[in-house]
Amino acid sequence: MNYLQLPKIDLHCHLDGSVRPQTVIDLAKIQGVSIPSHNVDDIKALMVAPESCPNLDEYLTRFALPVSVMQTESALERISFELFEDAALENVKYLEVRFGPQLHRKQGLNFEQIIASVVKGMRRAEALYDIKGNYILSIIKVLPKDDINEVIDAGAKFLDKGVVAFDLAASEEPGFCHEYIPYAKYALDKGYRITIHAGEQGVGQNVYDAISLLGAERIGHGIHINNHKDAYELVRAEAVALEACPSSNVQTKAVESIESHPLGEFYRDGLLVTINTDNRTVSDTTMTKELQLAVEKFNLSEQDYFKIYKISAENSFASNEVKQSLLKYIG
Ligand SMILES: O=c1[nH]cnc2c1ncn2[C@H]1C[C@H](O)[C@@H](CO)O1
Ligand SMILES: [Zn+2]
């Protein structure tokens, strides 16, 4: 299989986890932000999470450096453009990028400016390359909740104009969904689709809750349904798509090793699995690498891959027109 050439879809990719190291250096210079080194290898080493990360919280410390230079409209526009460019150059045909608008207000930008900037960068890349995309707004669970509805309101102006969905990201505590019921409902009522990080670090019950309490149509990771029968059956019954991110799941110890990742078993049991990057820089990966890893470790044939590509297209939050165009690549 020619992994680079195959058409690909990435439904789970964080903007702040996918910044080019050289761009952090360039932006720090432009913005007068102090960073620990101006050597690209040093900066990359600070941005990539080690294989030996003890847990998700340690992994999440890698986001502070890129976020420090993602505080202006031009920086957000550039980083968004570059992410779509990097993806397009490895034949990603559709990319849903998520980010937390709450993290980008340190220099006084408002949510509308923040969201408009990343959408503008995406549009510039779409005009230049054979790629389409949409944004997902991730609420950061460790931050105060008082501005969540403001994020939802600002994003609502971009619904179906570059923004499609609502997500909850960051550390995962058991039972976290209960606190977010009113916010997810507010987003749903405004017309957002819902995908929630759950069952990554935490328990399978979180996946059950994300679907039944928050209205999630897709789940970020969802690994731990493998030891929670009700969650597993609900994922199947509701045809919820799982956004697997193999390398990231190994790094954060969501799985002990790639060999024990349940993606292959889930796929063979008929669950709707998709293959994604999570964080291109923090996990030092690409869709090409994740695809190769999945094919080799889970013994997937090219036909299996095309089925997974089709699952990704059908469960994306793209318009019907874009979905149809994505299916044409696998003819
Ligand atoms: O894999 C993840 N699980 C939970 N949260 C994550 C993961 N990768 C990135 N994040 C967080 C850190 C980012 O700052 C935030 C928004 O992209 O989302
Ligand atoms: Zn994620």
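Residues numbered from 1 in each chain as written. Chains lettered and ligands numbered in written order. Predicted model: local features only at pLDDT ≥ 70, side-chain atom pairs only at ≥ 80, totals over all residues. Heavy atoms only, no water.

For the chain, the name recorded in an unreviewed UniProt entry is Adenosine deaminase, with Shewanella schlegeliana as its organism. What the UniProt record of the chain gives under Sequence similarities (unreviewed entry) is the line "Belongs to the metallo-dependent hydrolases superfamily. Adenosine and AMP deaminases family. Adenosine deaminase subfamily." What UniProt records for the chain under Function (unreviewed entry) is the sentence "Catalyzes the hydrolytic deamination of adenosine and 2-deoxyadenosine." (UniProt positions renumbered as here; feature names shortened; annotations may be inferred.)

Novice: So what's going on with unusual backbone geometry? Residues and values would help.
Specialist: For Asp160, which is not glycine, the phi torsion reads 60° and is therefore positive. As for its position among the elements, Asp160 is in the loop between helix 7 (148–156) and strand 4 (163–169). Residue classification places Asp160 among the exposed residues on the basis of a relative accessible area of 69%. Backbone geometry at Asn299 places phi at a positive 50°, although glycine is not the residue there. Checked against the element boundaries, Asn299 lands in the loop between helix 13 (287–297) and helix 14 (302–315). The exposed category is assigned to Asn299, whose relative accessible area is 61%. (Helix = DSSP H or I, 4+ residues; strand = E, 2+ residues; numbered from the N terminus. Buried < 20%, exposed > 50% of the residue type's maximum accessible area, 1.4 Å probe, protein only.)

Novice: Please give an account of helix 15 (residues 320–328) that cites residues and values.
Specialist: Listed in full, the buried residues belonging to helix 15 are Val322, Lys323 and Leu326. Within helix 15, the buried residues cover an arc of 100° as seen down the axis, which keeps them to one side. Across helix 15 from its buried face, at more than 90 degrees, point the exposed residues Asn320, Glu321 and Lys328. Check the buried side of helix 15 and you find it contacts strand 1 (8–14), strand 2 (92–99), strand 3 (132–140) and helix 14. (Arc of directions from axis to C-beta. Contact = heavy atoms within 4.5 Å.)

Novice: Tell me about the site of ligand 1, residues and numbers included.
Specialist: Taken together, 16 residues surround ligand 1, and among them His14, Asp16, Ala170, Glu200 and Asp278 come closest. One of the side-chain nitrogen or oxygen atoms of Asp16 is found 2.4 Å away from an oxygen atom of ligand 1. One of the side-chain N or O atoms of Glu200 is found 2.7 Å from a nitrogen atom in ligand 1. For ligand 1, whose accessible area on its own is 400 Å², the fraction buried by protein is 97%. (Near = heavy atom within 4 Å. Polar contact = N/O pair within 3.5 Å; in protein donor to acceptor, adjacent residues only side chain to side chain. Areas by Shrake-Rupley, 256 points an atom, 1.4 Å probe, with all protein chains shown as cover.)

Novice: Can you break down the side chain of Thr23 residue by residue, with the values?
Specialist: Position of Thr23 relative to the elements: it lies in helix 1 (residues 21–31). Thr23 sits in the buried class, given a relative accessible area of 2%. Setting aside its immediate chain neighbours within four residues, Thr23 contacts Arg78, Ile79 and Glu82.

Novice: Got a sec to walk through the sheet that holds strand 3? Specific residues and values, please.
Specialist: Taken in spatial order, the eight strands of this open sheet run 1-2-3-4-5-6-7-8, and their pairing is parallel. The open sheet terminates on both sides in strands that have one partner only, identified here as strand 1 and strand 8 (272–275). The mean inter-strand angle of the sheet, taken between neighbouring strand axes irrespective of direction, is 25°. In terms of strand pairing, strand 4 meets strand 5 (residues 193–198) through two bridges, oriented parallel. (Pairing = 2+ DSSP bridges. Axes fitted to C-alpha atoms, helices over the stretch in contact; angles between N-to-C directions.)

Novice: Let's hear about the nonpolar core: which residues, and what values?
Specialist: The biggest cluster of nonpolar side chains holds 100 residues, and the ones touching the most others in it are Tyr135, Phe166 and Ile196. Element by element, the count of residues in this core is highest for helix 5 (residues 73–88), at eight residues. Of all hydrophobic cores here, the second largest spans six residues; its members include Ala49, Cys53, Tyr59 and Val282. (Core = buried A, V, L, I, M, F, W, Y, C linked by side-chain atoms within 4.5 Å.)

Novice: How would you sum up the coordination of the zinc ion (ligand 2)? Please name residues and give values.
Specialist: The protein atoms that coordinate the zinc ion (ligand 2) are His12 (NE2), His14 (NE2), His197 (NE2) and Asp278 (OD), at distances of 2.0 to 2.3 Å. The coordination sphere of the zinc ion (ligand 2) comprises four donor atoms, whose angles at the metal cover 84 to 170°; the geometry is irregular. Sequence positions of the donors to the zinc ion (ligand 2) reduce to the motif H-x1-H-x182-H-x80-D. Within this pair, whereas His14 is found in strand 1, its partner His197 is found in strand 5, the two being separated by 183 residues in sequence. A relative accessible area of 11% means that His14 is categorised as buried. (Donors = N, O, S within 2.8 Å, 3.2 Å for Na, K, Ca; no water. Tetrahedral: all angles 85-135°; square planar, octahedral: opposite > 155°, others 65-115°.)

Novice: Describe the pattern of salt bridges, and please don't skip the residues or the numbers.
Specialist: Counted under the stated rule, the structure contains 25 salt bridges. The shortest N-O distance in the salt bridge between Lys93 and Asp130 comes to 3.1 Å. Of this pair, Lys93 sits in strand 2 while Asp130 sits in the loop between helix 6 (111–128) and strand 3; the two residues are 37 residues apart in sequence, bridging distant segments of the chain. Put simply, Lys157 and Glu112 hold a salt bridge, and the shortest N to O gap is 2.8 Å. (Salt bridge = Lys/Arg side-chain N within 4 Å of Asp/Glu carboxyl O.)

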